[in-house]
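# Observations on the model geometry
As a plain string of letters, each chain reads:
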Amino acid sequence: MRRVRGRKNLVLLAALLLVAALAVSEAGGMVHFPLLRSLLVNVLAPVDSVLSSVGNAAGQAGRMLGSIMYVYEENETLKKEIADLRRANMDAAEIWAENGRLRELLNFKKSQRRHILLPAKVVGFNPGGLEGSLIIERGKKDGIEREMSVVTANGLVGSVVEVYRASARVQLMLHPKSAVGGIVQRPASRVSGIVSGNASTPFAPNLLNLARDADIVVGDTILTSGLGSIYPKGIVIGVVAKVVNAEGGLLKYAVIEPTVDFSRLEEVMVIVNAPNYAETGAPPEKAVAER
């Protein structure tokens, strides 16, 4: 049995080799076998078609994958460019806003011939309640001293209460312990009182100690009076929003809406005094620079 099987295998192998040799000869054009050509075409054509289809599908899949990767990379690049543009726009908007604020302060400084104003950036802020104060980046090295008034182009902010080498703490006029002499700007009135913060309404100080018949109405502008306080005369404090009669007494008070937006303070100006000017005879600018 083994010998018979061995013979069959040899015969099959010989037949395959013969067919292969004839196919090579046919392909090379040495010998022509029409029957063999037809057989090879019929047998191998389906295989070639399948292989061709598989190859085309693989090629198409490869091209599609390449397109997807290209689109993904392009999308990531566009995302980065958009993010960069947004950051640039935000930076430009911030610079524009800062330039506007500084221009406003500069114009205000030029208009205040009777005061020496030193610009200062706000670096710390706690606007309301019992801690109503801010920190500025100016200190002893810049000539800042306690009780100097702090303002913006819109009006009064407060006064310096603590001074360090390169910074200072400013108590806001909103603070309940603040006391600013205020006066009605209207010539027919000129009613005066004390402006102080109110803990129950942190952003609305009160003008106190007004007689019940005092001539003060909603819409009146309140200025610093310059009397009995450290603040120079004529700085805008705010506008009267409401007048309230005190219960069981002969007095009333006015609720003030400050002209300064304390929620958006970024730069302020310190009114720098020159106490030695009368002694030295030097102009205020020089006296400040020498301190």
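Cut-offs applied
- Residues numbered from 1 in each chain as written.
- Predicted model: local features only at pLDDT ≥ 70, side-chain atom pairs only at ≥ 80, totals over all residues.
- Heavy atoms only, no water.
- Helix = DSSP H or I, 4+ residues; strand = E, 2+ residues; numbered from the N terminus.
- Buried < 20%, exposed > 50% of the residue type's maximum accessible area, 1.4 Å probe, protein only.
- Contact = heavy atoms within 4.5 Å.
- Areas by Shrake-Rupley, 256 points an atom, 1.4 Å probe, with all protein chains shown as cover.
- Core = buried A, V, L, I, M, F, W, Y, C linked by side-chain atoms within 4.5 Å.
- Pairing = 2+ DSSP bridges.
- Salt bridge = Lys/Arg side-chain N within 4 Å of Asp/Glu carboxyl O.
- Polar contact = N/O pair within 3.5 Å; in protein donor to acceptor, adjacent residues only side chain to side chain.
- Axes fitted to C-alpha atoms, helices over the stretch in contact; angles between N-to-C directions.
- pLDDT = per-residue confidence, 0-100.

### Observations concerning the overall build of the chain
Looking only at helices and strands, the chain features four helices and twelve strands. Buried positions account for 30% of the 291 residues belonging to the chain. Here the contacts in the chain between residues at least 6 apart in sequence split such that 55% fall between residues at least 24 apart. Taken as a whole, the chain presents about 18500 Å² of accessible surface, with 59% of it coming from carbon and sulfur.

### Digging into the nonpolar core
Formed by 42 residues in total, the largest nonpolar core has its most connected members in Val157 and Ile222. For Ile222, the contacting residues outside a window of four places in its chain are Gly182, Ile183, Val184, Val195, Leu207, Ile216, Ile235, Val236, Ile237, Gly238, Val240 and Ile256.

### Focus on the pairing of strand E7 (residues 192–198)
In the sheet, strand E6 (residues 180–184) pairs with E7 via four bridges, with the strands oriented antiparallel. From the neighbouring strand, Gly181 faces E7, where its bridge partner is Ile194. Across four bridges, the pairing between E7 and strand E8 (residues 201–211) is antiparallel. Looking at the pairing, Val195 lines up with Leu207 of E8. Between E7 and E8, which pair antiparallel and follow one another directly, the connecting turn spans two residues.

### Re the pattern of salt bridges
This model, assessed by the stated rule, comprises five salt bridges. Notably, a salt bridge pairs Asp142 with Arg138, separated by 3.3 Å at the nearest N-O pair. For Arg186, the salt bridge is made with Asp220, and the minimal N-O distance between the two is 2.9 Å. One end of the pair, Arg186, is in the loop between E6 and E7; the other, Asp220, is in the loop between E8 and strand E9 (221–224), and 34 residues separate them in sequence.

### Structural notes on the side chain of Asn206
Along the polypeptide, Asn206 turns up in strand E8. Looking at Asn206, the relative accessible area reads 7%, which means it is buried. One polar contact links Asn206 to Asn198, side chain to side chain, over a distance of 3.0 Å. Look past the residues within four positions of Asn206 in its chain and what remains in contact with it is Ile194, Val195, Ser196, Asn198, Tyr253, Ala254, Val255 and Ile256.

### Considering the sheet that holds strand E4 (residues 155–163)
Taking strand neighbours around the barrel as the criterion, the six strands line up as E1-E2-E5-E4-E3-E12 in a closed arrangement whose pairing is antiparallel. Ignoring which end each strand starts from, the neighbouring axes of this sheet average 45° apart. Here E4 runs beside strand E5 (residues 168–172); their pairing, made up of five bridges, is antiparallel. Note that in E5 the partner of Val163 across the bridge is Ala168.

### Some thoughts on the pairing of E8
Sheet topology note: the E8/strand E11 (residues 251–258) ladder contains four bridges and is antiparallel. Pairing of Leu207 across the sheet is with Ala254, part of E11.

### Side note on the sheet that holds strand E10 (residues 236–245)
Where strands meet in a sheet, backbone hydrogen bonds hold them as pairs that are either parallel or antiparallel. With respect to topology, six strands assemble into a closed barrel ordered E6-E7-E8-E11-E10-E9, the strand pairing being antiparallel. Looking at each pair of strands side by side, their axes are set apart by 45° on average, direction ignored. Note that E6 and E9 share three bridges and pair antiparallel. Paired with Val184 across the strands is Ile222, a residue of E9.

### Brief notes about the environment of Ala188
As for its placement among the helices and strands, Ala188 is situated in the loop between E6 and E7. Separated by 27 residues in sequence, Ala188 and Asp215 have C-alpha atoms that sit 8.4 Å apart.

### Describing the confidence of the model for the chain
The predicted model of the chain has a mean per-residue pLDDT of 74, with 59% of residues at 70 or higher. Summarising per-element confidence for the chain, the mean pLDDT is lowest in helix H3 (residues 277–280) (35) and highest in E11 (95). Confidence drops under pLDDT 50 across residues 274–291; counting only partners more than four residues distant or on other chains, this segment forms 16 contacts.

### Concerning unusual backbone geometry
Trans is the prevailing form of peptide bonds, just as negative phi is the prevailing case for residues other than glycine. Its identity as a non-glycine residue notwithstanding, Glu147 has a phi of 70°, on the positive side. Structurally, the position occupied by Glu147 is in the loop between strand E2 (133–136) and strand E3 (149–152). A residue is classified by how much of its surface remains accessible, and Glu147, at 43% relative accessible area, is partly exposed. Look at Asn209: it is not a glycine, yet its phi comes out positive at around 60°. For Asn209, the position within the fold is in strand E8. Taking relative accessible area as the criterion, Asn209 reaches 56% and is therefore assigned exposed.

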